[in-house]
Amino acid sequence: MGRVIVVANQKGGVGKTTTAVNLAACMAAAGRPTLLIDLDPQGNASSGLGIDRAALERTVYNALVDGVALHEIVVPGPMEHLSVAPSTKDLVGAELELVNATEREFRLRRQIEGVRDAYEYVFIDCPPSLGLLTLNGLVASDGVLITLQCEYYALEGLSELLHTIVLVRDSLNPQLKLQGVLLTMFQHTNLSNQVVADVRAHLGQKVYETVIPRNVTLSEAPSFGQPVILYDVRSPGARAYIALATEVAARG
Ligand code: ADP
Ligand code: MG
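1. Quick look at the packing of aromatic side chains
Okay, step 1: Scanning the model with the defined rule gives 3 aromatic pairs in all.
Okay, step 2: When the centroid spacing of 5.7 Å and the interplanar angle of 10° are considered together, the rings of Y121 and F123 count as stacked.
Okay, step 3: We classify F123 as buried; its relative accessible area is 0%.
Okay, step 4: With a centroid separation of 5.0 Å and an interplanar angle of 80°, the aromatic rings of Y152 and Y153 are classed as edge-to-face.
Okay, step 5: Of the residues examined, Y152 reaches a relative accessible area of 63% and is grouped as exposed.

The following block contains the structure:
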């Protein structure tokens, strides 16, 4: 059965989407059937993998709100073994429409149960909030991967996120684990080095050895609809995500 890993942090711009997209692509490149679920109404994971959102008839919105089966909304990604459950800004409405729905926190979990045997990995890209969409992601997953940007306020909001994970584990999803904490956008500055040292001191073994460098190739690749390993496999960003994929797989 596939491992389900949700990439979360309620802060925006900390490398969630870049990580979800590129980690999924690295797993697929290793021959592991992988599904990337775009749970952010901004749809950056979908567009970053070259999916024309205007042409979509059904999206994650329909899976969550109308109960359309996930396999019916999944589209092929830009490489073999990579599939995408895409989103558009319609998904904003789901948060409101599900407020009074039964089992509203379990919508994604139930959907993934139907496709879990088809994939070795399922990655979920979350919006920058701790609302109902992210909650669905946490309830549906085996592990949480938290991205932290190497900047001054890296740890801001982290205790709230860790507390949310504990609440979900205690009530809705007992098997939820912290897969790991990923430092992103590292630069060779005193500040970045200080953040890495602080985060490692604070979170110890939970922090991945791999640190993702700030690398312009990572920010260019999405505009070509490609993960970085297709766009420029020799770039520092591609190498880093390949190393991260090995670590994630080793942690199980
Ligand atoms: P989030 O999903 O947490 O909002 P993104 O992954 O979209 O964050 O990253 C925010 C912006 O920073 C995007 O424009 C992205 O291309 C860029 N970015 C992310 N990671 C890196 C990196 N390691 N190096 C350079 N640019 C990056
Ligand atoms: Mg994002």
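Once you've had a look at it, read on.
2. Digging into the nonpolar core
Okay, step 1: Formed by 51 residues in total, the largest nonpolar core has its most connected members in L35, I37, L70, I112, I124, V144 and I146.
Okay, step 2: Discounting chain neighbours no more than four positions away, the residues touching I124 are V4, I5, V6, V7, I37, L39, L108, I112, G137, A140 and S141.
Okay, step 3: Core analysis: the next-biggest nonpolar cluster, separate from the first, contains 33 residues, A25, M79, Y121 and I229 among them.

3. Section: the side chain of N62
Okay, step 1: Structurally, the position occupied by N62 is in helix α3 (residues 60–66).
Okay, step 2: Apart from residues no more than four positions distant in its own chain, N62 is found in contact with E57, G67 and V68.

4. A closer look at a positive patch on the surface
Okay, step 1: Judged by side-chain charge, R3, K177, K206 and R251 come together as a positively charged surface patch.
Okay, step 2: When you line up the elements, K206 lands in the loop between α9 (190–203) and β8 (207–213).

5. Regarding the site of ligand 1
Okay, step 1: Near ligand 1 you find 14 residues, and of these G13, T17, T18, P213 and N215 are the closest.
Okay, step 2: Interatomic distance of 2.8 Å between a backbone N/O atom of P213 and a nitrogen atom of ligand 1.
Okay, step 3: In isolation ligand 1 has 550 Å² of accessible area, and contact with the protein removes 78% of it.
Okay, step 4: For the shell around ligand 1, the elements supplying multiple residues, two or more each, are α1 (16–29), β8 and α10 (216–220).
Okay, step 5: For the shell around ligand 1, the residue count by class is 5 nonpolar, 7 polar and 2 charged.

6. Brief notes about helix α8 (residues 158–171)
Three or four residues apart is the spacing at which side chains of an α-helix point the same way, because the helix has 3.6 residues per turn.
Okay, step 1: Compared with the 20 Å implied by 1.5 Å per residue over 14 residues, the 20 Å span of α8 between its first and last C-alpha is a close match.
Okay, step 2: Burial in α8 covers these residues: L158, L161, T164, I165 and V168. Along the long axis of α8, the arc covered by the buried residues comes to 120°, so they all point the same way. In α8, the exposed residues that point more than 90 degrees away from the buried face are S159, D170 and S171.
Okay, step 3: In the core, the buried residues of α8 are packed alongside β1 (3–8), α7 (132–139), β6 (143–149) and α9.

7. Here we look at a nonpolar patch on the surface
Okay, step 1: A contiguous nonpolar surface patch, about 370 Å² in accessible area, is contributed by Y152, Y153 and L191.
Okay, step 2: Relative to the elements of secondary structure, Y153 occurs in the loop between β6 and α8.

8. Overview of the sheet that holds β1
Okay, step 1: Judged by pairing direction, the sheet is mixed, and its 8 strands sit side by side in the order β3-β4-β2-β5-β1-β6-β7-β8 without closing on themselves. In this open sheet, the two strands that pair with only one neighbour each are β3 (75–76) and β8.
Okay, step 2: Where β6 lies against strand β7 (residues 177–186), 7 bridges are found, and the strand directions are parallel. The partner of L145 across the bridge, within β7, is G180.
Okay, step 3: Along the sheet, α9 makes contact with β6, β7 and β8, crossing β7 at roughly 170°.

9. Brief notes about the pairing of β6
Okay, step 1: For β6, the buried fraction is high: 7 of the 7 residues fall into the buried class.
Okay, step 2: Every second residue of β6 is oriented toward a common face, with G143, L145, T147 and Q149 on one face and V144, I146 and L148 on the other, all of them buried.
Okay, step 3: Here β1 runs beside β6; their pairing, made up of 4 bridges, is parallel. In the strand pairing of β6, V7 is matched with L145.
Okay, step 4: Once you follow β6 into α8 and on to β7, the crossover reads as right-handed.

Criteria and thresholds
Residues numbered from 1 in each chain as written. Chains lettered and ligands numbered in written order. Predicted model: local features only at pLDDT ≥ 70, side-chain atom pairs only at ≥ 80, totals over all residues. Heavy atoms only, no water. Phe/Tyr/Trp six-rings, centres within 6.5 Å; stacked < 30°, edge-to-face > 60°. Buried < 20%, exposed > 50% of the residue type's maximum accessible area, 1.4 Å probe, protein only. Core = buried A, V, L, I, M, F, W, Y, C linked by side-chain atoms within 4.5 Å. Contact = heavy atoms within 4.5 Å. Helix = DSSP H or I, 4+ residues; strand = E, 2+ residues; numbered from the N terminus. Patch = residues over 30% accessible without salt bridge, like charges linked within 9 Å, V, L, I, M, F, W, Y side chains within 5 Å. Areas by Shrake-Rupley, 256 points an atom, 1.4 Å probe, with all protein chains shown as cover. Salt bridge = Lys/Arg side-chain N within 4 Å of Asp/Glu carboxyl O. Lys, Arg positive; Asp, Glu negative; His and termini not counted. Charge placed at Lys NZ, Arg CZ, Asp CG, Glu CD. Near = heavy atom within 4 Å. Polar contact = N/O pair within 3.5 Å; in protein donor to acceptor, adjacent residues only side chain to side chain. Nonpolar A, V, L, I, M, F, W, Y, C, P; charged D, E, K, R; others polar. Expected span 1.5 Å × (residues − 1). Arc of directions from axis to C-beta. Pairing = 2+ DSSP bridges. Axes fitted to C-alpha atoms, helices over the stretch in contact; angles between N-to-C directions. Right-handed = clockwise from strand over helix to strand, strands pointing away.

In short, geometric facts, not functional conclusions.
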